[in-house]
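So you can see what is in the structure, the chains are spelled out below.
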Amino acid sequence: GRARIDLWCRKVSARVQLSDSAMKIEPAPLLQALPQYMVDGQCTPERMQADSDTLAALAQVTGWSRRGGAITLTGAQTLRFQVSNH
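Below or above, wherever it landed, is the structure these notes cover. (Residues numbered from 1 in each chain as written. Predicted model: local features only at pLDDT ≥ 70, side-chain atom pairs only at ≥ 80, totals over all residues. Heavy atoms only, no water.)

Here's the deal with the overall build of the chain
To keep things clear, this is the line we draw: Strands here are runs of E lasting at least two residues and helices are runs of H or I lasting at least four, both read from the DSSP assignment and numbered beginning at the N terminus. Each residue's exposure class comes from its accessible area (1.4 Å probe, protein chains only) as a fraction of the maximum for that residue type: buried when under 20%, exposed when over 50%, partly exposed otherwise. The contact criterion used throughout is that any non-hydrogen atoms of two residues lie within 4.5 Å. Shrake-Rupley sampling with a 1.4 Å probe provides the accessible areas, and residues are treated as covered by the protein chains on show and by no other component.
Along the chain, the regular secondary structure elements total one helix and six strands. For the chain, the sequential pattern of α-helices and β-strands runs β-β-β-α-β-β-β. Projecting the C-alpha coordinates of the chain onto the three principal axes gives extents of approximately 40 × 30 × 20 Å. Looking at the chain residue by residue over its 86 residues, the buried ones come to 27%. Counted over contacts in the chain with a minimum sequence separation of 6, partners at least 24 positions apart contribute 36%. Surface exposure of the chain reaches about 6400 Å², of which carbon and sulfur atoms provide 52%.

Below, the structure is given as structure tokens:
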């Protein structure tokens, strides 16, 4: 299916393949330009780097699991996400 990944400063579309415990995320290239609604200085260089690092980690995901309100993505790094309760 398709996904939209909201990072610190930018958004990117992705193609996602999902099965029982396997997952593959193929993100579109990360554009260097900021969205129109962001002003200069709103995104620090550290947050811009975090966008790149997070997208690279997502592109290496090979599996997933859910336990309660947490989703864990496995690959080169383990990424854990909590389901929002508000």
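Examining the sheet that holds strand β5 (residues 70-74)
As a reminder, the rule being used: By the convention used here, strands pair only if DSSP detects at least 2 bridges between them. All axes here are fitted lines through C-alpha atoms, helices being fitted over the stretch that makes contact, and every angle between N-to-C directions spans 0 to 180 degrees.
Reading across from one edge, β4-β5-β6 is the order of the three strands in this open sheet, with antiparallel pairing throughout. Each edge of the sheet is formed by a strand with only one pairing partner; in this case those strands are β4 (63-67) and β6 (79-82). Ignoring which end each strand starts from, the neighbouring axes of this sheet average 20 degrees apart. Examined bridge by bridge, β4 and β5 share five bridges and lie antiparallel to one another. Across the sheet, W64 pairs through a bridge with L73, a residue of β5.

Brief notes about the pairing of β5
What sits between the antiparallel neighbours β4 and β5 is a turn of two residues, in which G68 has the positive phi angle 60 degrees. Where β5 and β6 come together, four bridges link them in antiparallel fashion. Directly across from L73, in β6, lies its bridge partner L79.

Quick notes on helix α1 (residues 45-59)
How we decide: Under the convention used throughout, the expected extent of a helix is 1.5 Å for every residue step, that is, one less than its residue count.
Its 15 residues give α1 an end-to-end C-alpha distance of 21 Å, which sits within 8% of 21 Å, the value for a rise of 1.5 Å per residue. Listed in full, the buried residues belonging to α1 are M48, D51, L55, A57 and L58. Contacts from the buried residues of α1 go to β1 (2-6), β2 (11-18), β3 (23-27), β5 and β6.

A word on the pairing of β3
It is a general feature of regular strands that their side chains alternate between the two faces of the sheet. The sheet contact formed by β2 and β3 spans five bridges and is antiparallel. What sits directly across from R15, in β3, is E26. What sits between β2 and β3 in their antiparallel hairpin is a turn of four residues.

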